Amino acid sequence: MKVAGATGIAGLAGCTNSGGSGDGDNSGGTTTLQFWTLFSGGDGKAMKSQVDQFNKEHDDIQIKRQRQPFEEYYDKLFTSMTGGNAPDLAVFHTTEIQRFVDALQPLGDLLSDDTSSAYVDSIWSETKFDGKRLALPLDTHPNGLYYNKDIFKQAGLDPEKPPTTFEELKQTANTISSETDKLAFSPDPYNQYFVRQFIAWQRGRSGQFLNEDKTKAAFDDQNGIALGEFYSNISNKWNWDKADATAERGTKAFRAGDMAMTINGTWYYGVLQEQDYSWGMTKPFVAPGQKQKMTWANSHTIGVPNGGSNTEAAVKAAEWLTQNSTTWGTDAGHLPAAKKVLDSDTLRNATVWKKTLSTFSEMAEAGELAYMPSTKNNENYKRPVNQAIAQIYSGQTTAKKGIQKAANEVTKNLKA
């Protein structure tokens, strides 16, 4: 799937919930749990495999998996959870949990004794809100810098030495531009999610995105404007990419072998396995002025809605799914949150570990993951920033004007 990780959810109304916690079947000593997910493609197949394995190993609990349309998922889930017809289990992105705080079952007293130490600390810490443990982490899916080794060779560059700093990025991209007819670099190949890495690179410059109480934008400082200029220069001055923010343009170019480098998440592994060129991935700490090494990340988590009659069984299932997630790494390409899975021979001997997950794991262990702020409606800040950077990237406005306009709109939205 293009971005199982934290993409913007459009405000689509309505709910066609079929089967919530009130429909759980407990006949014959077996509890049937309704489990909502938003996974499709490779992610959907990997989750199906995990659920099938759980059902095979448990006679007393059976999971009935139901995928909801991705674009409508959170609105449908919110309607079901606030309308009394919620599923027993549901997938939540970490940055969306804030919206559901009052409708989620706190898990603290229901968890097994060893659960609190079962996950990578930097991922585990992101599932606690208002002092309550509200979900269990399935993974983290950070951004990395993907690059086409064949284009590197064509440009006379060492395909095993991708750029790791801004100065190296600049030298590499300029060489590719001068020595080949390929595009050199895109910071967001979808041209729709600029805010993700912008937030990470802003933190990397020791800047803030929002103020401490999340009531005001803080990115319209010299750090945010400098990053805006970086985006502008990529396409309007240095000509590493086209000054064109058409959706999907960058990923189409990269997949076709027409772009050398781009920033993308863990899920891109599955996409690139289908390509016929050689590729690599490295840490994406390549923006100017980086004092800290930070990359965007989000996590899929599993939570238990309030008020269900199958709470204990749901918690047991959530623990199993998040702690037996080898397939989630080997097949879906995401970095499992459970320590025992990360340390398993099965995962570490898999191709995906060598290609991407070992690098993502290093960043997670080092605390180099920047999660976006979780607010009551993340679109309040995501939409203005994505739109502003798209306009900057395509040359429709200057970096200073675009960043300041976005900051003003974000502050207005947060205070509304």
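Computed from a prediction, not measured in an experiment: that's the story for all the values here.

Looking only at helices and strands, one finds 16 helices and 15 strands in the chain. Against the globule reference of 22 Å for 416 residues, the chain gives a C-alpha radius of gyration of 21 Å, in line with a compact fold. In terms of principal-axis extent, the alpha carbons of the chain reach across some 70 × 50 × 35 Å. Here the chain, with 416 residues, has 59% of them falling under the buried criterion. Once local pairs closer than 6 in sequence are excluded, the contacts in the chain between residues at least 24 apart make up 77%. Accessible surface, the chain: about 16,500 Å² in total, of which carbon and sulfur atoms supply 42%. If you average the places of the 44 positive and of the 49 negative side-chain charges in the chain, the two averages end up 6 Å apart.

Attention now goes to the nonpolar core. By size, the foremost hydrophobic cluster in this structure holds 130 residues, and its most contacted members are F185, F219, F230 and M261. When neighbours within four sequence positions are excluded, F219 is seen to be in contact with F198, Q202, Q208, F209, G224, I225, V385, I403, A406, A407 and V410.

Structurally, N236 is set in helix α7 (residues 222-236). A relative accessible area of 34% means that N236 is categorised as partly exposed. Sequence-wise, N236 and D43 are 193 residues apart; in three dimensions their C-alpha atoms are separated by 36 Å. For N236, the contacting residues outside a window of four places in its chain are A243, I392, Y393, S394 and G395.

Turning our eyes to something else, we now look at the pairing of strand β10 (residues 259-265). Of all seven residues making up β10, seven are buried, and the element is well covered by its neighbours. Sheet topology places strand β8 (residues 143-148) next to β10; five bridges connect them, and they run antiparallel. Across the sheet, the residue bridging to Y147 is M261, located in β10. Bridge analysis of strand β9 (residues 183-186) against β10 gives three bridges, and the strand direction is parallel. Counterpart to F185 in the pairing with β10 is M261.

Positioned with a positive phi, D130 is a non-glycine residue whose angle comes to about 50°. When you line up the elements, D130 lands in the loop between β4 (128-129) and β5 (132-133). Phi at S206 is positive, roughly 70°, even though this residue is not glycine. Relative to the elements of secondary structure, S206 occurs in the loop between α6 (194-204) and α7. With relative accessibility at 45%, the residue S206 sits in the partly exposed group.

Within the chain, residue pLDDT values average 92, and 93% of them lie at 70 or more. Here residues 1-24 is modelled with pLDDT under 50, and outside its nearest four sequence neighbours on either side it reaches 84 contacts, counting other chains as well.

With that settled, consider the packing of α6 against helix α15 (residues 379-393). Interaxial distance between α6 and α15 falls to 8 Å at its minimum, and their mutual angle equals 95°. With respect to each other, α6 and α15 are oriented roughly perpendicular. Residue-level inspection shows F194, V195, F198 and I199 of α6 in contact with α15, the latter providing Y381, K382, V385, N386, I389, A390 and Y393.

Criteria and cut-off values
- Residues numbered from 1 in each chain as written.
- Predicted model: local features only at pLDDT ≥ 70, side-chain atom pairs only at ≥ 80, totals over all residues.
- Heavy atoms only, no water.
- Helix = DSSP H or I, 4+ residues; strand = E, 2+ residues; numbered from the N terminus.
- Rg over C-alpha atoms; globule rule 2.2 N^0.38 Å.
- Buried < 20%, exposed > 50% of the residue type's maximum accessible area, 1.4 Å probe, protein only.
- Contact = heavy atoms within 4.5 Å.
- Areas by Shrake-Rupley, 256 points an atom, 1.4 Å probe, with all protein chains shown as cover.
- Lys, Arg positive; Asp, Glu negative; His and termini not counted.
- Charge placed at Lys NZ, Arg CZ, Asp CG, Glu CD.
- Core = buried A, V, L, I, M, F, W, Y, C linked by side-chain atoms within 4.5 Å.
- Pairing = 2+ DSSP bridges.
- pLDDT = per-residue confidence, 0-100.
- Axes fitted to C-alpha atoms, helices over the stretch in contact; angles between N-to-C directions.
- Parallel < 35°, antiparallel > 145°, perpendicular 65-115°, else oblique.

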